[in-house]
Amino acid sequence: MATATAETGFDLALSEEQELAQRSARDFAREKVLPRAAEIDEHGKIPPEILREMGALGFMGTYVPERYGGSGLDAVSYALIVEEINRACASTGVVLCSHMSLAVDPILHHGSDAQKEKYLPKLARGEWIGCFALSEPASGSDAAAMRTTARRDGDSWILNGTKNFITNGSLGNLAIVFAQTEPGQKHKGIAAFIVEKGTPGFSVGKLEKKLGIRGSDTAQLVFESCRVPAANLLGELGQGFKIALSTLDGGRISIAAQAVGIARACLEDSLAYAKQREAFGKKVADFQAIQWMLADMATEIDAARLLTWRAAALKDAGEDHILAAAEAKLFASDVAVKAARDCVQIFGGYGYLKDFPAERHYRDAKITEIYEGTSEIMKLVIAEEILKE
Amino acid sequence: MKILIPLKQVPDSTVRVKVAPDGTSVVTEGITWSISPYDEYAIEMALERKDADPSTVVAVVTVGPERSRDALRQALAMGCDEASLVRAEGAAPLAVARALAKVVAEAKPDLVLCGKQASDDDQGFVGPALAELLGWPHVATITKVVPAEGAVELWREVEGGHEVWKAPLPALATVHKSEKEPRYPSLPGIMKAKKKDIPERPLDALGVDVAAPTWTVVSMEPPPARGGGKILRDGDAKQIAERLATALRDEAKVL
């Protein structure tokens, strides 16, 4: 779909390595992940060999530099890979999204050299999975109201509190945990910590049962006098809130790419079904009512993808991408939910059955409007950006 | 050991083939191109040798148009060490084999592995023709290669088992399948491939005879649309089974 019009200063062409990465991810997703997507949803578990192979293929460290054991590609390549994996299975896709955007990315951007050398190689190869622990039972979008505390004790920090809705929470070997070091200071008192699984006092609480992305684990993380070495403070004291927000800006690009992948699954499955199923003596695809749905889906997916690529390209260029990422996530998640609704409608009664993928897309799509900033928060971010001048 | 794989870029297996308006070719505009699947098996087989013995050098070459460079880049990204392109448009199969014989003479591989046939025209010509031009031993449709003192053991699947052939090196084999499915290019592999040069020269520069007996495509047509199925409804299971057996024998003629 990319076209090169470089002479006009508007170039959407992918580089050779971006195309190869997209293709590798597409072939892998189609051959290894898609055939198991229904089973992953049904059993609520991703076969470990799928995650192992994603690690071996370098997907789990797509834009981590080679010197830290990563693949050395860029955020655009990452968006391409995320779209392909989510086209096949949104549960598998979100493991990659959370790991790379929310755990690897903050270490890459805010970690000390020692932290990068210690953690990035394992994470980039997928030997370790990472997660991001910000939300709490009583604070989601209002992150500054968090109650988890960190108290300095000699060469350590003592963490106490509970984190909720943590994607990769039980699968993860490492968590980026946000806590108040100066309770009462709201967002100014928040710091970020790298906490390894197995640290005494760190345990995984209950696993949530969900509407969609059922193969991905969403867990409660509990910290009870959990002693974390001072060397594991990520960034500076008081910088935690900033780290969380900038991490989420990047994370929104990956959720936008996930939404594009889910929407594409809806379109491709709808096209295949509409071309084959007959009603009133003709193909379902021959009815204009269906053609309009398909045309809207195709147009909106292209638009969502372009917004996503633009946000990723801005991130790669080191430019401000707060507005672009929020727009991409707001729009793409809406496109995914609408495409899933129309996909079920095109499948008719079969769309409501578990024997067909439409109902899975319908359940999977919804979360993209909620996590990593709800659509309402996206609008607040966008409004703030466009009003601030 | 040095292994050379001549590969061909063909329309991807997911492409829905359409006959062009001229009625003698297929539409190639805007389609996805890939390494021919049997050539991919040959690459995988060679890379499995390289996994077992890292001193193995795996090279790929293609005689084809400029777009085939993408297939070579993909082979490098899978883990091949070297790639080169002989640029040619529509060369006859025998001319391709002669060009490859020249490449083999320069590259001096110990083993040449070809896909048993290309998935576009399915001729299966180039592999055996290349062995003939080189005067090398040739074993067809192998599934495994095992090095043996100055020779290779080449495994073939036969009815109910397998045969093992032994060929002195250098030798040529055509590949039916590798032990594992061909690997996907990893991202680190892609970045490594990016740094590699793919030297290119036109077919003319090889000085081979390009005149060859050839053929022309007279016409191409898609297979006829499939007729509707038949549902056997009335009667109990035994009666339906009898009518099914009769239909399979007398109408479908598959029994």
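The structure we're discussing is the one just above.
The sections below set out a description of the structure shown in this document. All of these numbers come straight from a predicted model, not from anything done at the bench. (Residues numbered from 1 in each chain as written. Chains lettered and ligands numbered in written order. Predicted model: local features only at pLDDT ≥ 70, side-chain atom pairs only at ≥ 80, totals over all residues. Heavy atoms only, no water.)

## Here's the deal with the interface of chain B and chain A
- Contact residues are listed per partner, giving 17 residues for chain B and 22 residues for chain A.
- Per-residue buried area on chain B facing chain A is highest for Tyr184, Leu187 and Met191 of chain B; these three make up 44% of the total on that side.
- Glu66 of chain A is paired through a salt bridge with Lys195 of chain B; the nearest N and O atoms lie 3.8 Å apart.
- Taken together, chain B and chain A are joined by eight residue pairs in polar contact (both at pLDDT 80 or more).
- Looking at the side of chain B that touches chain A element by element, the count peaks at five residues for helix α5 (residues 187-194) of chain B.
- Residues of the side of chain B that touches chain A, tallied by class, amount to seven nonpolar, five polar and five charged. (Contact = heavy atoms within 4.5 Å. Buried area = accessible area lost by both parts, 1.4 Å probe. Salt bridge = Lys/Arg side-chain N within 4 Å of Asp/Glu carboxyl O. Polar contact = N/O pair within 3.5 Å; in protein donor to acceptor, adjacent residues only side chain to side chain. Helix = DSSP H or I, 4+ residues; strand = E, 2+ residues; numbered from the N terminus. Nonpolar A, V, L, I, M, F, W, Y, C, P; charged D, E, K, R; others polar.)

## Some words on the environment of Ser216 of chain A
- As for its placement among the helices and strands, Ser216 of chain A is situated in the loop between β6 (202-207) and β7 (218-229).
- In this view, Ser216 of chain A contacts Ser91, Val94, Thr167 and Lys210 of chain A; residues no more than four positions away in its chain are not counted.

## Brief notes about the pairing of strand β4 (residues 57-64) of chain B
Residue and element names in this part refer to chain B.
- A large share of β4 lies buried, amounting to seven of its eight residues.
- For β4 and strand β5 (residues 82-87), the ladder comprises six bridges, and the chain directions are parallel. Its bridge partner lying in β5, Thr62 is registered against Leu85.
- Where the polypeptide runs from β4 across helix α2 (residues 69-78) and back to β5, its parallel neighbour, the crossover connection is right-handed. (Buried < 20%, exposed > 50% of the residue type's maximum accessible area, 1.4 Å probe, protein only. Pairing = 2+ DSSP bridges. Right-handed = clockwise from strand over helix to strand, strands pointing away.)

## Considering a nonpolar patch on the surface
- Together, Val17, Val19, Val26, Trp215, Val217 and Met220 of chain B make up a nonpolar patch on the protein surface, roughly 490 Å² of accessible area in all.
- Along the chain, the position of Trp215 of chain B falls in the loop between β11 (200-202) and α6 (237-251). (Patch = residues over 30% accessible without salt bridge, like charges linked within 9 Å, V, L, I, M, F, W, Y side chains within 5 Å. Areas by Shrake-Rupley, 256 points an atom, 1.4 Å probe, with all protein chains shown as cover.)

## Comments concerning the packing of aromatic side chains
- Overall, the coordinates contain 13 aromatic pairs over all chains when judged by the stated rule.
- Seen from their ring centres, Tyr273 of chain A and Phe347 of chain A are 4.2 Å apart, and the 15° between their planes marks the pair as stacked. With Tyr273 of chain A in helix α7 (residues 240-276) and Phe347 of chain A in helix α9 (residues 322-347), the pair connects residues that are 74 residues apart, well separated along the chain. Like Tyr273 of chain A, the residue Phe347 of chain A is buried in the burial classification.
- A connected cluster of aromatic rings, assembled from ring pairs, spans Tyr273, Phe347, Tyr350 and Phe356 of chain A.
- Over the ring of Phe287 of chain A we find Lys282 of chain A, and its NZ or CZ is 4.6 Å from the ring centre.
- Geometry around Trp33 of chain B places Arg67 of chain B over its ring, the cationic atom sitting 3.5 Å from the centre. (Phe/Tyr/Trp six-rings, centres within 6.5 Å; stacked < 30°, edge-to-face > 60°. Lys NZ or Arg CZ within 6 Å of the ring centre and 35° of its normal.)

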